[in-house]
Amino acid sequence: YSQTKIQVAGVDEADIVKTHGKYNYMATPDKINIIDAYPAEGAQILSEIKIRASGIFVNDDRLVIFEQPATYYFPEPIPLLEGEAETEAISEPAVVEQAVVVESRILPRPYPHKQEVVIYLYDISDRENPTLLKNYTLDGTYFDSRMVENLVYAIVNNYAYYADDFELPVFSPYGFKEIFYFDVPDRSYTFTNVVAVSIDDGEFTNQVYMVPSTANIYASHDNIYLTYPKYFDQSDFVERFVNEAILPLTPSDIDSQIQRIMASDLLTNSEKQYKIGNVLDNWTRTLSKEEREVFNQQAEEKTAQIQDEIAKQLERTFIQKISIDGSTIEYKSDGDVPGFVLNQFSMDEH
């Protein structure tokens, strides 16, 4: 028999089918079947576990299951008015004198309201009667997982909603003791929960990092690498364009107008570009045709040079290195490279 696909020898990856020769463990859309598969003529289903699994691990007499249940929101039904047909639609509450409610109509189908991940740890020493040892519920979405020896490591992402303050995710029943963040500003953030579960005793540890959304994961025996894209900030380009391509070519009075616009905290980048364009347009109207041509040519040449210099900055990949040593999870270092990571197979550790 063969194992399921893994990238690094000794670092298992969750799948919907696992085997260790005699028994098969298969995740179907609504349950997990434990099958006595050998010899083939006596193959039979020994037991089933009613869980919709995103992935499973099997290690000797332990079974780990990841489930991504969805909590659905059911909208309140809109009441029908007396004499209104069942098929008639009411998009807004109707104003009818002496209306009498006779029954209710259901609104459009319910939609997922809350994302949770449940991790189950089962004792399967008796394949006909699996026993639940532990289960853990986390806010967020299941991203990926690895198993090294008797430790399972999982990544659970939870988008950081922000109103007046960050809405912190929940890990029932423990909560987030600490949240780490990095000095890498971005447009939005995700709480990336790195979890370690011992399959021997169910011991749970975790570290939470507030970073942009994790895009790929690579894991060796000793480290987990999380990557996410970082796109070039348009404001950086505008600032370089103004400072290097425009101001050296304009007179001092025009420089002052442009610098006041750039220094404003009330204007967006697009608004700054629009106002600077108006200033330059008004100024170049005062120039002769030859002077305008010289200015335009010099500005275009310098702009092209700036674009070439920042071409590799337009899209970058940030890498976070997190050490895993048994149940100990520890942040080590970070770095960044030009471009984007295609998938986990674009990464390796040496």
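In short, a report on the structure. Per chain, residue numbering runs from 1 following the sequence as it is written. Per-residue local features are limited, in this predicted model, to residues with pLDDT of at least 70; the limit for side-chain atom pairs, both in listing and counting, is 80 or more; totals at the level of whole chains, interfaces and linings are taken over all residues. The side-chain figures draw on all heavy atoms in the structure; neither hydrogens nor water molecules are used.

## Digging into empty space enclosed by the protein
Empty space among the atoms can be located by rolling a probe the size of a water molecule over them.
Right, on to step 1. Lining residues are those with an atom within 4 Å of a point, where the points come from a 1 Å grid over the protein atoms alone and group into cavities, where a 1.4 Å probe fits but cannot get out, or pockets, open sets with protein on both sides within 12 Å along at least five of seven lines. Grid points are joined across faces, edges and corners, and a volume is the space filled by probe spheres set on the points. Evaluation of the coordinates by the stated rule reveals one cavity of 30 Å³ or more.
Right, on to step 2. Considering only enclosed or pocket space, the largest cavity measures out at about 40 Å³ in volume.
Right, on to step 3. Taken together, F182, Y209, V211, L226, Y228, Q320 and I322 make up the full set of residues lining the largest cavity.
Right, on to step 4. Comment: elements are numbered from the N terminus, with helices defined as DSSP H or I runs of at least four residues and strands as E runs of at least two. Elements with a contribution of two residues or more to the lining of the largest cavity: β18 (204-211), β20 (223-231) and β21 (315-325).
Right, on to step 5. Each residue is assigned to one of three groups, with Ala, Val, Leu, Ile, Met, Phe, Trp, Tyr, Cys and Pro labelled nonpolar, Asp, Glu, Lys and Arg labelled charged, and all others, Gly among them, labelled polar. Here the lining of the largest cavity is built from residues that sort into six nonpolar, one polar and no charged.

## What about the sheet that holds strand β22 (residues 328-338)?
Backbone-to-backbone hydrogen bonds pair the strands of a sheet. The strands run either parallel or antiparallel.
Right, on to step 1. If DSSP finds at least two bridges between two strands, the strands pair. Strands sit in the order β19-β20-β21-β22 across an open sheet of four strands; the sheet is antiparallel. Only two strands of the sheet have a single partner each, and these edge strands are β19 (216-219) and β22. For this sheet, the mean inter-axis angle between neighbouring strands, taken without regard to orientation, is 20°. To get an axis, fit a line to the C-alpha atoms, keeping to the stretch in contact for a helix; angles then go from 0 to 180 degrees between the N-to-C directions.

## What to know about the side chain of R127
Right, on to step 1. Mapped onto the secondary structure, R127 falls in the loop between β11 (111-123) and β12 (131-139).
Right, on to step 2. By relative accessible area, which is 11% here, R127 ends up buried.
Right, on to step 3. A polar contact is formed between the side chain of R127 and the backbone oxygen of D60, at a distance of 3.3 Å. Classification of residues uses two cut-offs on accessible area relative to the type maximum, computed with a 1.4 Å probe and protein chains only: under 20% is buried, over 50% is exposed, and between them is partly exposed. Within 3.5 Å is the distance limit for a polar contact, defined as a pair of N or O atoms, with the added protein rule that one can donate a hydrogen and the other accept it, and that residues adjacent in sequence qualify only through two side-chain atoms.

## Here we look at the pattern of salt bridges
Right, on to step 1. Criterion for a salt bridge: a side-chain nitrogen of Lys or Arg within 4 Å of a carboxyl oxygen of Asp or Glu. Throughout the structure, instances matching the rule amount to 11 salt bridges.
Right, on to step 2. Here D36 makes a salt bridge to K22, at a shortest N to O gap of 3.0 Å. Taken together, the residues span a long stretch of sequence, with D36 in strand β4 (residues 32-36) and K22 in the loop between β2 (17-19) and β3 (23-27) at a distance of 14 residues.
Right, on to step 3. You can call D36 buried: its relative accessible area is 14%.
Right, on to step 4. Accessibility expressed as a relative area gives 32% for K22, which makes it partly exposed.
Right, on to step 5. The residue R127 makes a salt bridge to D61 at a minimum N-O spacing of 2.8 Å.

## Focus on the packing of helix α2 (residues 252-263) against helix α3 (residues 269-284)
Right, on to step 1. In contact at an axis separation of 9 Å, α2 and α3 are set at 170° when each is read in the N-to-C sense. With respect to α3, the axis of α2 lies roughly antiparallel. Residue-level inspection shows I254, Q257, I258, I261 and M262 of α2 in contact with α3, the latter providing K272, K275, I276, V279, L280 and W283.
Right, on to step 2. The class makeup of the residues in the contact of α2 with α3 is eight nonpolar, one polar and two charged. Angle categories: roughly parallel below 35 degrees, roughly antiparallel above 145, roughly perpendicular from 65 to 115, and oblique for all the rest. The contact rule is simple, with two residues in contact once any of their heavy atoms fall within 4.5 Å.

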